[in-house]
Amino acid sequence: MPGRGGVSDGRKDTTMASSDIILDIRDVTKSFGPVTALKSMQLQVRRGRVHTILGENGAGKSTLMKILAGVYQPTSGSIVLDGTPYAPADPQEAARAGLTIVFQELSLCNNLTVAENILATREPATAGFINDRALVAKAAALVGELHLPVDVTQQVGDLSVAQRQLVEIAKGLSIEAKVVILDEPTSSLSDSEAEILFGIIEKLKRRGVAVIYISHRMEEIMRLSDDITVVRDGSYIATRESQDTTIEELIALMVGRDMNEIYPARDVAVPAGTPVLEVKGLSRDSEFENISFDVRAGEILGFFGLVGSGRSEVMNTLFGIKRASAGHVAIDGAAVAIASPADAIVKGIAFVTENRKEEGLVLSHSVSSNISMVGLKKFSNLFGFLRQGREREAANDEVARLAIKTASLETQAGALSGGNQQKIVLAKWLLTRPKILILDEPTRGVDVGAKFEIYKIIRKLAAEGTAILLISSELPEVIGMSDRIAVMHEGRLSATLSGTDRTPEKIMTFATGSTS
Amino acid sequence: MSNTNAANAAMMRAMKQYGGILLSLAMLCVIFSVVNPRFMSVANFLNVLQQVSVIAIAAFGMTWVILLGEIDLSIGSIIAVAGMVGAQCFVFGLGFAPAIALTLLTGAVLGLINGTLTAKLMLPSFIVTVATMGIYRGLVSLPTNGAPEMITDPNWTAIGTDNFLGVPIIIWIVAVLFLFNHILLSKTIFGRRAYLTGGNREAALYSGIKVDRLKITIFMISGIMAAISGILLSSRLFSAQTNAGVSYELDAIAAAVLGGTSLAGGVGTMVGTLIGALIIGVMNNGMNMLSVPYFYQLIVKGLVILVAVWLDVRSKRAKQ
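Residues numbered from 1 in each chain as written. Chains lettered and ligands numbered in written order. Predicted model: local features only at pLDDT ≥ 70, side-chain atom pairs only at ≥ 80, totals over all residues.

### Here's the deal with the overall build of chain B
Right, on to step 1. If you tally the helices and strands in chain B, you get 13 helices and 4 strands.
Right, on to step 2. Counting only C-alpha atoms, chain B reaches 60 × 55 × 40 Å along its principal axes.
Right, on to step 3. In chain B, buried positions account for 48% of the 320 residues.
Right, on to step 4. Considering only intrachain contacts with a sequence separation of at least 6, the fraction spanning at least 24 residues in chain B is 78%. (Helix = DSSP H or I, 4+ residues; strand = E, 2+ residues; numbered from the N terminus. Buried ≥ 20, exposed ≤ 12 C-beta atoms within 10 Å, placed from the backbone. Contact = placed C-beta atoms within 7 Å.)

Have a look at this one:
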């Protein structure tokens, strides 16, 4: 499409009544010493509309959001909120000015109840004593208004990740705001829970609240947004109305190159043969029941299910974190007993878990120390001494092979972007040359460019003969990547679909239990 | 050329890591030298090292435990138990070598109990070791009904009083144990596993590290180090005392934390702990030479620890 790439063409300005604009960001730059994180950023957000900011990780979205939240101060440029200059010195001031931000990183206290979290620092109290009944009532009213399936007297620590995310959103929305920023709110939600969120967003729009939305899920963005602004490398690239654009155009703007297909095609046929992994009648009390499936070498078996369907629990049991109450597991035709992750690893299983920050990485440690973590024995001599030269070499190879972007091998893993962190988790497992690779939400919180690279890596591993279990909450991902799809519903395997049966409609039917 | 460059780089890194506490140590030495000229002498330096040896060795063990994000409050009691076990061995007519072996074994078993209760019953180590601190302290008095037991075995008492190649044996022991712990922590996969588990227990577990076994082993190391401290202390005192090593766990924790070990786990080195122990030793020695009353010493020690840790934290924050 000639004339639509690159820079702002300004055609929105004519249609946009200036009184409509609640937040006006012009020429904002932000430098950290010699590094420029934002270059002349532009953003005009209108009342009662959802404005998505789209960009790869590291494109400058987070910096911009932190400026809006009062965490950073811009180096230059102007921001006007509702007709008055806006320069908050801290997050409290931003909140008072009418700007609420719901962060992607969960900021809840697990030891407190839902109600205590939602109304944290704003508890109803007399003379310093908290009025518990009023607290619960107020929180329950808020949660009820949003139709959240959460009991406000429950401890946050007992909730699932998805429920916590919903509580986080409820907390953000409990403050009357003119502008609400949602930073990847659906990254840990299943489709049905995301629907609840979309309902909430509709309500906010009707109230005239402007919503700034950040997400990597293209289908969701197209459906939800009124306006979409693309940023790349800290610069403003373009703004489009969602009805005037396509996913392909947005991706091209975002990555600065064309990406014809999001899911790389399988170029090798699935080899026939005996299964590498056979699971029969696997059960665990009150979590899942009678799960049976098999995977062949080189095959990608997708696992789809709504949050709470028991997918992750099955994988945790398979990996020896939890004990099965019944069932058999066989690898290469031989029955195996797996009582611990160490056992599973010896048997050739690798497990990229759902939460890379909690179970995947030691964030305070170096890239190389994280990569060598599972295969540590390989880098030891007879007396248990670490061969640091070899360790560095192997880490270097993986960094090159998976194109991990890091300043050095000594960089802290926590300093890297989500996509690169995920690649480190992949790298540490690939060093063990697994026969069976379990991937639980491998692209969560990962930008589109890195997503595509991860998909290519998965394809390549399958082509090399690795049996892969791919668990995902994203339907397009499961359909795009898997050869067969196992669908779970409330702890049971409701169907295994292959070939042309792998349609979104069929999968959702089985996942929601709409069939008997 | 490249050798000196590498040496310079290593020097820079060491200064960055330990600059704060080395500065504190230097400042203490300067202050004490100004007030008392006898402080800066080889004889007194060896004296400080001897005095600090019991704390330093216990602190090496404590560093392992804290590195894992745990704590061991029972080491002061284990120090006393070790002395008493040694003394009783001689009462029963055992020789020097079996006495040493049994004492070390006792330390290992007491550590095994701490580790097993922490790892297998999943009790917080703070609670477990508060309890065993009392239990072990009580056990010390069982053989003698609370009376001290004299130790006359010439080999045992030689540990604390004799020299080897002109240097007190006790300092040789500290040096050997420092090297052992330093190498085990920084050069082996065992040490790496401790760092990984302390940094993120879940990630370590999912990566196939046998976290429970590691935890138990480390509590055993802590127990053995405390038992060695107990041997040194009893040999210097020529006796096993039921109140030996009271509150030494706090000095050991202070030494580790002064040396940069993070109570959150995952961060710390033996070099840092050794420097931390030296700060405590220099303070004790300097104030003793000035005849500062004991209660003033406690106040000053507490304040110095606060200032040193604050300086260290501040310099590290500034670098980030």
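### Remarks on the overall build of chain A
Right, on to step 1. Scanning chain A from N- to C-terminus turns up 18 helices and 22 strands.
Right, on to step 2. For 516 residues, the compact-globule formula gives about 24 Å, and the C-alpha radius of gyration of chain A, at 24 Å, lands near that figure.
Right, on to step 3. If you line up chain A on its principal axes, its C-alpha atoms span 70 × 55 × 50 Å.
Right, on to step 4. Taking all 516 residues of chain A together, the buried fraction comes to 46%.
Right, on to step 5. Relative to all contacts within chain A whose residues are 6 or more apart in sequence, the contacts with residues 24 or more apart total 68%. (Rg over C-alpha atoms; globule rule 2.2 N^0.38 Å.)

### Quick word on the interface of chain A and chain B
Right, on to step 1. Contact residues are listed per partner, giving 21 residues for chain A and 17 residues for chain B.
Right, on to step 2. Sorting the residues of the side of chain A that touches chain B by element identifies α11 (341-346) and α12 (356-360) of chain A as the ones contributing at least two each.
Right, on to step 3. Partitioning the side of chain A that touches chain B into residue classes produces 11 nonpolar, 6 polar and 4 charged. (Nonpolar A, V, L, I, M, F, W, Y, C, P; charged D, E, K, R; others polar.)

### Section: the packing of helix α7 (residues 169-187) of chain B against helix α12 (residues 270-289) of chain B
Residues and elements named next belong to chain B.
Right, on to step 1. Contact geometry of α7 with α12 gives a least axis separation of 9 Å together with a crossing angle of 145°. Contact residues: α7 offers F178, N181, H182 and L185, while α12 offers M270, V271 and L274.
Right, on to step 2. Among the residues making up the contact of α7 with α12, the classes are represented as 5 nonpolar, 2 polar and no charged. (Axes fitted to C-alpha atoms, helices over the stretch in contact; angles between N-to-C directions.)

### Here's the deal with the packing of helix α3 (residues 75-91) of chain B against helix α10 (residues 211-237) of chain B
Helix-helix packing is described using two parameters, namely the angle between the two axes and the distance between the axes.
Residues and elements named next belong to chain B.
Right, on to step 1. At a minimum axis separation of 7 Å, α3 and α10 run at an interaxial angle of 55°. Taken as axis vectors, α3 and α10 run oblique relative to one another. The interaxial crossing formed by α3 with α10 has right-handed handedness. Facing α3, whose interface residues are I75, I78, I79, A80, V81, A82, G83, G86 and A87, α10 presents S222, G223, A226, A227, S229, G230, I231, L233 and S234. (Parallel < 35°, antiparallel > 145°, perpendicular 65-115°, else oblique. Left-handed = near helix turned anticlockwise from the far one by under 90°.)

### Examining the sheet that holds strand β20 (residues 467-471) of chain A
Residue and element names in this part refer to chain A.
Right, on to step 1. What the 6 strands build is an open sheet, ordered β18-β19-β20-β15-β21-β22; its pairing is mixed. Lying at the two open borders of the sheet, with one neighbouring strand each, are β18 (349-352) and β22 (492-498). Across this sheet, the average inter-strand angle for adjacent strands is 20°, counted without regard to direction.
Right, on to step 2. Of the strand pairs in this sheet, strand β15 (residues 300-305) and β20 are connected by 4 bridges, and their pairing is parallel. Residue pairing across strands places G302 opposite L470, the latter belonging to β20.
Right, on to step 3. Its contacts with the sheet place helix α16 (residues 448-463) against β15, β19 (436-440) and β20, and it is angled at close to 150° to β20. (Pairing = 2+ DSSP bridges.)

### Overview of the sheet that holds strand β14 (residues 288-296) of chain A
Residues and elements named next belong to chain A.
Right, on to step 1. The strand order across the open sheet built from 4 strands is β14-β13-β16-β17, with neighbouring strands paired in antiparallel fashion. Edge positions in the open sheet fall to β14 and β17 (334-335), since each of these has one partner strand only.
Right, on to step 2. In the sheet, strand β16 (residues 326-331) pairs with β17 via 2 bridges, with the strands oriented antiparallel. Across the sheet, residue I331 finds its bridge partner in β17, namely A334.
Right, on to step 3. Packed onto the sheet, helix α10 (residues 311-318) meets β13 (275-284), β14 and β16 and runs at close to 115° relative to β13.

### Some words on the environment of S207 of chain B
Right, on to step 1. In this fold, S207 of chain B is placed in the loop between α9 (201-206) and α10.
Right, on to step 2. Sequence-wise, S207 of chain B and L196 of chain B are 11 residues apart; in three dimensions their C-alpha atoms are separated by 9.8 Å.

### Considerations on unusual backbone geometry
Right, on to step 1. Unusually for a residue other than glycine, A403 of chain A sits at a positive phi of about 50°.
Right, on to step 2. By secondary structure assignment, the location of A403 of chain A is in the loop between α14 (388-401) and α15 (418-430).
Right, on to step 3. Although it is not a glycine, F238 of chain B adopts a positive phi angle of roughly 55°.
Right, on to step 4. For F238 of chain B, the position within the fold is in the loop between α10 and β4 (239-240).

### Considering the UniProt feature "transmembrane region" (unreviewed entry) in chain B
Residues and elements named next belong to chain B.
Right, on to step 1. Feature annotation in UniProt assigns "transmembrane region" (unreviewed entry) to the following positions: residues 18-36, 48-68, 100-119, 126-144, 164-185, 216-233, 253-282 and 294-311.
Right, on to step 2. Segment residues 48-68 splits into 95% helix and 0% strand. End C-alpha atoms: 30 Å apart.
Right, on to step 3. In this annotation, residues 126-144 is assigned 84% helix and 0% strand; the end-to-end C-alpha distance for the span is 29 Å. (UniProt positions renumbered as here; feature names shortened; annotations may be inferred.)

### Some thoughts on the pairing of strand β21 (residues 484-489) of chain A
All names here are of chain A.
Right, on to step 1. Among the 6 residues in β21, 5 count as buried, and that is most of the element.
Right, on to step 2. Direction of pairing for β15 relative to β21: parallel, over a ladder of 5 bridges. Counterpart to G302 in the pairing with β21 is I485.
Right, on to step 3. Bridge count between β21 and β22: 6 bridges; the pairing is antiparallel. Looking at the pairing, M488 lines up with L493 of β22.
Right, on to step 4. The antiparallel hairpin formed by β21 and β22 contains 2 residues in its connecting segment, where E490 sits at a positive phi of about 45°.

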